[in-house]
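Residue-level structural notes
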Amino acid sequence: MRKETRPELLSPAGNLACLKAAVAAGCDAVYFGGQAFNARQNAGNFSREEIREAVAFCAFHGVKTYLTLNTLVKEKEWPLLAAYLRETLSLGISAVIVQDPGVAELVRAWFPGTELHASTQMAVQDAAGVRCLEELGFKRVVLARELSLEEIRAIRQATKAELEVFIHGALCCSYSGRCLLSSFHGGRSGNRGTCAQPCRLAYRQENGPQYPMNLKDLCAADRLDALAEAGVDSFKIEGRMKGIPYVTGITAIYRRLLEEWQVEGKSRGLTLEDRDRMRQLFNRGGFTDGYLAGDKRSMLAPESPKHQGLPIGRVESVRGPEVTLRLEAEAAPGDVLEIRTEQEPYPELRVAASMIQGRTLRFRLNGPFKKGQTVCRLVDIRLNEELQKRAGEYPTVPLFMRAELTEGEPLRLEGCVRGRRLRVEGETMQKAQKRALTEEAVQRQLERLGGTGFRAETVEVSIKGDCFLPASALNAARRDLAEQAVQLLQPTTVQPREAYLPSPVEKTEEQWQVAVATAEQWRAVLEDGPDMILPPLYWSGSEAERQALTEESRRRGIRVVPECPPVSRMKHEERFREALAQWKALGVREFEAQLLGQLSMIREAGGIGLAGLGLAVMNRAAAAFWQSRAEGFFLSIELTGEEMRPLTGLAGATVLVYGKIPLMVTEQCFYQNQQGCRPSAQGHRVTLKDRYGTALTACSHCETCYTVLYEETPLWLGDKPWRGVRRRLEFTDETAARVRTIRQAAREQQPLAGTTQGHYTKGVQ
């Protein structure tokens, strides 16, 4: 049964050549970044002139263009951002993908006709988050990759905004926008587009895998029909760092599947050839649809983060440096093979013509080779050449034509392209002296559209009388019509409105806030009375303790503000609302949210929301955004002290001065991968050590099943000269004695041994 519409296929483009390859392979839209403010700064990316060419090329072919502006922007970069927006968005970009709410406000103010898409960096996990973005004027939301198919269905049923879902490509171990691992272990921030992917590296742990954060690549081809039926509007392929063969090959496979779904009501699924092509183009130990299926453990690729290629044979014999390989598939000169010896790094071999003897390869190379070792092909040169060739075969645009030839009157040639009508008049028709024009002859002449990018879909010809016109006159009319069609398909350029954004409210505040994880910490904090205490929303102690500590805090004039978790999914919604109600029953009205959806649910419950560390701010426009929607907000811990200065003194501005930095929020459970699943309300702790011996602590939160990876060495900025700002101490596993020591050091603004000042001095790219 034919479907009226099908989901959009959205392909990546790291450069102009890849963009054109995606169009040739049949995408409906492309996403790409310019030279600044995008989450793949290490991709080739586009200059202004390349963006202009890309937008024009895509508009001609009916393909939408989405510009990635999906990084957090520092205040000192605001003039550069403003100039960049004027340059790029005026070219007729279809939509802008953003993470920073300040950037979204600027786009909405200056280019109100440009669609806003919420980046997956916003970590939108539930219907409440989508509805919040709908209210803010976002046309589309890119959902967090961690959601199951059932959750996506539930979000679709409860919301109106377009939903975009990743269907293929690399998976981050962390929730996007919630990872600081690269930032604090290398100075290259994922929130700033320069992630160094330390999650792909080896880590030491007891009884754990060598690569505990390295996930297989996503392949949702087998779930495509279900996602389409669930109402997903756009299917997104990851891969702006990939080349032309990858973009062409992967796009073409999904294009075919979506067309089958639309025409036949069901896709025929991947063939064996499709699966081998996908693996050959790129895979990390196979593929997974783990989050969609709800099977998180199967997603891990524990052996290697590299491209694994496709197994095509084995080592047949080794006689000194003489090595013979027996292959199941033919190799070609230029292929790159990898021989899986007993340990990495595995030897690689570029095939030369002299090595090939049918399906046997012989070469001389000293190495740790043994009979029976697997041979994988990393690069298939013939497949790459085939896909490179296809990348230059752009689809033609259908042009409908109708010609009227009446003796003694001008030639009238009408056309229609994408529903838009065209008309030209040619030379006056002469009376035929010898042979009159026939419909077939005129039709043949008008169909000659080679080189224009158009194809004659239909050509209707009406002739009245004995008409004659030179072929050159018919050709001129056809060229004029094609030129008109080209002009009609040019992108619509726009000029910025350049409206002013609201300025953030200035207000000097001196306030101490302390977040606690246990009743022991809470009691220790009560002794010297901070302005605010933030216990976890999901309280794990006894109900009697919670009630007594809340009442004692309020008696002392201390605000109790439960801190929401960094994960809040559709499957957690009932538990989240129940937790709000439990605290409200104790007279608590304020809550600190880590996600947009949480803020919405807090408001719906009649509470007051604060924006937590997960919604951190880098610029004054974002600060003004949160001031209008929350009682307080955090300054990003990726800023230096100098970069924070323009933001201190703003009403509600909060600085983290102590705490173990949450490097990653992930659905993966390091404890489960070591020991198996043992649910506990208190969670489990696992220590990882990187190649330098630096310790990281993974803390499992079993009640809602997620893990936070912490920096073992805590941040300390309590000795810095803060003025006009709220200061936060964030405790996790500290003892009561340690809590008291830190509180005293904070009051006296003293140094604290065994800590780090993070990015306070050096900052990040």
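Helix and strand counts for the protein chain come out as 22 helices and 37 strands. Taken over the C-alpha trace, the protein chain has a radius of gyration of 31 Å; the compact-globule value for 765 residues is 27 Å, and the two agree within 12%. The C-alpha extent of the protein chain, read off along each of the three principal axes, is 110 × 75 × 45 Å. Scored against the burial criterion, the 765 residues of the protein chain give a buried share of 59%. Partitioning the contacts of the protein chain with sequence separation of at least 6, the portion at a separation of at least 24 is 71%. Here the protein chain displays about 31,100 Å² of accessible surface, and carbon together with sulfur accounts for 48% of that area. In the protein chain, 102 positive and 96 negative side-chain charges are present, and the distance between their average locations comes to 2 Å.

Moving on: the pairing of strand 20 (residues 410-417). Bridge count for strand 19 (residues 397-406) against strand 20 is five bridges, and the pairing is antiparallel. Paired with Phe400 across the two strands is Cys416, which belongs to strand 20. Hairpin connection between strand 19 and strand 20: a loop of three residues separates the two successive antiparallel strands, and Gly408 in this loop has a positive phi of roughly 85°. Pairing geometry for strand 20 and strand 21 (residues 420-428), over seven bridges, is antiparallel.

The strand order 15-14-18-12-13-17-16 describes an open sheet built from seven strands, whose pairing is antiparallel. Each edge of the open sheet is held by one strand with a lone partner, namely strand 15 (348-350) and strand 16 (356-357). Summarising the sheet, strand 16 and strand 17 (residues 360-364) pair through two bridges and their orientation is antiparallel. Its bridge partner being in strand 17, Gln357 is matched across the sheet by Thr360. Relative to the sheet, helix 10 (residues 272-281) contacts strand 12 (310-319) and strand 18 (374-379), its axis offset from that of strand 12 by approximately 65°.

For the rest of this paragraph, the subject is the pattern of salt bridges. Enumeration according to the criterion identifies 72 salt bridges in this entry. A salt bridge links Glu330 to Arg382, with the nearest nitrogen and oxygen atoms 3.9 Å apart. One end of the pair, Glu330, is in the loop between strand 13 (322-327) and strand 14 (336-339); the other, Arg382, is in helix 12 (residues 381-390), with 52 residues separating them in the sequence. You can call Glu330 partly exposed: its relative accessible area is 44%. Residue classification places Arg382 among the partly exposed positions, given a relative accessible area of 38%. For Glu342, the salt bridge identified is with Lys370, shortest N-O distance 2.6 Å. Within this pair, whereas Glu342 is found in the loop between strand 14 and strand 15, its partner Lys370 is found in the loop between strand 17 and strand 18, the two being separated by 28 residues in sequence. One network of salt bridges, in which partners are shared, links Glu8, Glu115, Lys139, Arg140, Glu162, Glu164 and Lys236.

What follows covers the environment of Lys371. Assignment of secondary structure puts Lys371 in the loop between strand 17 and strand 18. Note on Lys371: relative accessible area 68%, which makes it exposed. Along the chain, Lys371 and Val315 lie 56 residues apart, while their C-alpha atoms are 5.0 Å from each other. Filtering out sequence-adjacent residues up to four positions away, Lys371 remains in contact with Val315, Glu316 and Val318.

Leu19, Leu69, Leu143, Met213, Tyr254 and Leu729 are the most contacted members of the largest nonpolar core, which has 180 residues in total. With nine residues, the top contributor of residues to this core is helix 9 (residues 244-264). Among residues more than four places away in sequence, those in contact with Leu69 are Phe37, Tyr84, Leu85, Val96, Ile97, Val98, Gln99, Val103 and Val107. Formed by 28 residues, the second largest nonpolar core is a distinct cluster that contains Leu413, Leu422, Phe454 and Val461.

This part takes up helix 6 (residues 149-158). Burial in helix 6 covers these residues: Leu149, Glu151, Ile152, Ile155 and Arg156. All buried residues of helix 6 fall inside an arc of 160° around its axis, so they share one side. Those residues of helix 6 that are exposed and aimed more than 90 degrees away from the buried face are Glu150 and Gln157. On its buried side, helix 6 packs onto helix 5 (127-135), strand 7 (162-169), helix 8 (224-230) and helix 11 (290-293).

Bringing the environment of Gln99 into the picture now. Mapped onto the elements of the fold, Gln99 is located in the loop between strand 4 (95-98) and helix 4 (101-110). Each C-alpha atom of the pair Gln99 and Arg726 lies 25 Å from the other, and the pair is 627 residues apart in sequence. If we ignore the near neighbours within four places in the chain, the residues touching Gln99 are Leu69, Asn70, Thr71, Leu72, Ser119, Gln121, Met122, Gly177 and Asn191. Within the local environment of Gln99, its side chain forms a polar contact with the side chain of Gln121, the two groups lying 3.5 Å apart.

Under the counting rule described, the total for this entry stands at 10 aromatic pairs. An angle of 35° between the planes, with centres 4.6 Å apart, marks the rings of Phe32 and Phe46 as tilted. Taken together, the residues span a long stretch of sequence, with Phe32 in strand 2 (residues 29-32) and Phe46 in the loop between strand 2 and helix 2 (48-60) at a distance of 14 residues. Accessibility classification places Phe32 together with Phe46 in one group, the buried group. When the centroid spacing of 5.6 Å and the interplanar angle of 80° are considered together, the rings of Trp522 and Trp539 count as edge-to-face. Of this pair, Trp522 sits in helix 15 (residues 519-526) while Trp539 is found in the loop between strand 26 (532-534) and helix 16 (543-555), placing the two residues 17 residues apart along the sequence.

The final tally for this structure, using the stated rule, is zero disulfides. Cys219 forms no disulfide, and the closest cysteine sulfur to it belongs to Cys172, at a distance of 18 Å. The exposure class assigned to Cys219 is buried, which follows from its relative accessible area of 11%. With no disulfide of its own, Cys702 has Cys669 as its nearest cysteine by sulfur position, at a separation of 6.2 Å. Cys702 sits in the partly exposed class, given a relative accessible area of 22%.

The next subject is helix 22 (residues 736-748). With 13 residues, helix 22 ought to run about 18 Å at 1.5 Å a step, and its terminal C-alpha atoms sit 19 Å apart, in line with that. Along helix 22, the residues that are buried comprise Ala736, Val739, Ile742, Arg743, Ala745 and Ala746. Buried residues in helix 22 make contact with strand 25 (511-515), helix 15, strand 31 (653-659), strand 36 (715-716) and strand 37 (726-730).

Note that strand 12 and strand 18 share four bridges and pair antiparallel. Residue pairing for strand 18: Arg314 is matched across the bridge by Thr374. Sheet topology note: the strand 14/strand 18 ladder contains four bridges and is antiparallel. Its bridge partner being in strand 18, Val336 is matched across the sheet by Val379.

What links the strands of a sheet is backbone hydrogen bonding, and the strands pair in either a parallel or an antiparallel sense. In space, the five strands of this open sheet follow the order 8-32-35-34-33, with antiparallel pairing throughout. Strands at the two margins of the open sheet, each flanked by one partner only, are strand 8 (174-179) and strand 33 (685-689). Strand-to-strand twist in this sheet, taken as the mean axis angle between neighbours without regard to direction, amounts to 25°. Looking at chain direction, strand 8 and strand 32 (residues 662-666) are connected through two bridges and run antiparallel. Looking across to strand 32, one finds that Ser174 is bridged to Thr666.

The next point concerns the packing of helix 9 against helix 12. Interaxial distance between helix 9 and helix 12 falls to 9 Å at its minimum, and their mutual angle equals 75°. Of the possible angle classes, the one that applies to helix 9 and helix 12 is roughly perpendicular. Seen from helix 9, the contacting residues are Ile244, Pro245, Thr248, Gly249 and Ala252; seen from helix 12, they are Asn384, Leu387, Gln388 and Arg390. Looking at the contact of helix 9 with helix 12 residue by residue, the classes come out as four nonpolar, four polar and one charged.

The rules behind the values
- Residues numbered from 1 in each chain as written.
- Predicted model: local features only at pLDDT ≥ 70, side-chain atom pairs only at ≥ 80, totals over all residues.
- Heavy atoms only, no water.
- Helix = DSSP H or I, 4+ residues; strand = E, 2+ residues; numbered from the N terminus.
- Rg over C-alpha atoms; globule rule 2.2 N^0.38 Å.
- Buried < 20%, exposed > 50% of the residue type's maximum accessible area, 1.4 Å probe, protein only.
- Contact = heavy atoms within 4.5 Å.
- Areas by Shrake-Rupley, 256 points an atom, 1.4 Å probe, with all protein chains shown as cover.
- Lys, Arg positive; Asp, Glu negative; His and termini not counted.
- Charge placed at Lys NZ, Arg CZ, Asp CG, Glu CD.
- Pairing = 2+ DSSP bridges.
- Axes fitted to C-alpha atoms, helices over the stretch in contact; angles between N-to-C directions.
- Salt bridge = Lys/Arg side-chain N within 4 Å of Asp/Glu carboxyl O.
- Core = buried A, V, L, I, M, F, W, Y, C linked by side-chain atoms within 4.5 Å.
- Arc of directions from axis to C-beta.
- Polar contact = N/O pair within 3.5 Å; in protein donor to acceptor, adjacent residues only side chain to side chain.
- Phe/Tyr/Trp six-rings, centres within 6.5 Å; stacked < 30°, edge-to-face > 60°.
- Disulfide = S-S within 2.5 Å.
- Expected span 1.5 Å × (residues − 1).
- Parallel < 35°, antiparallel > 145°, perpendicular 65-115°, else oblique.
- Nonpolar A, V, L, I, M, F, W, Y, C, P; charged D, E, K, R; others polar.

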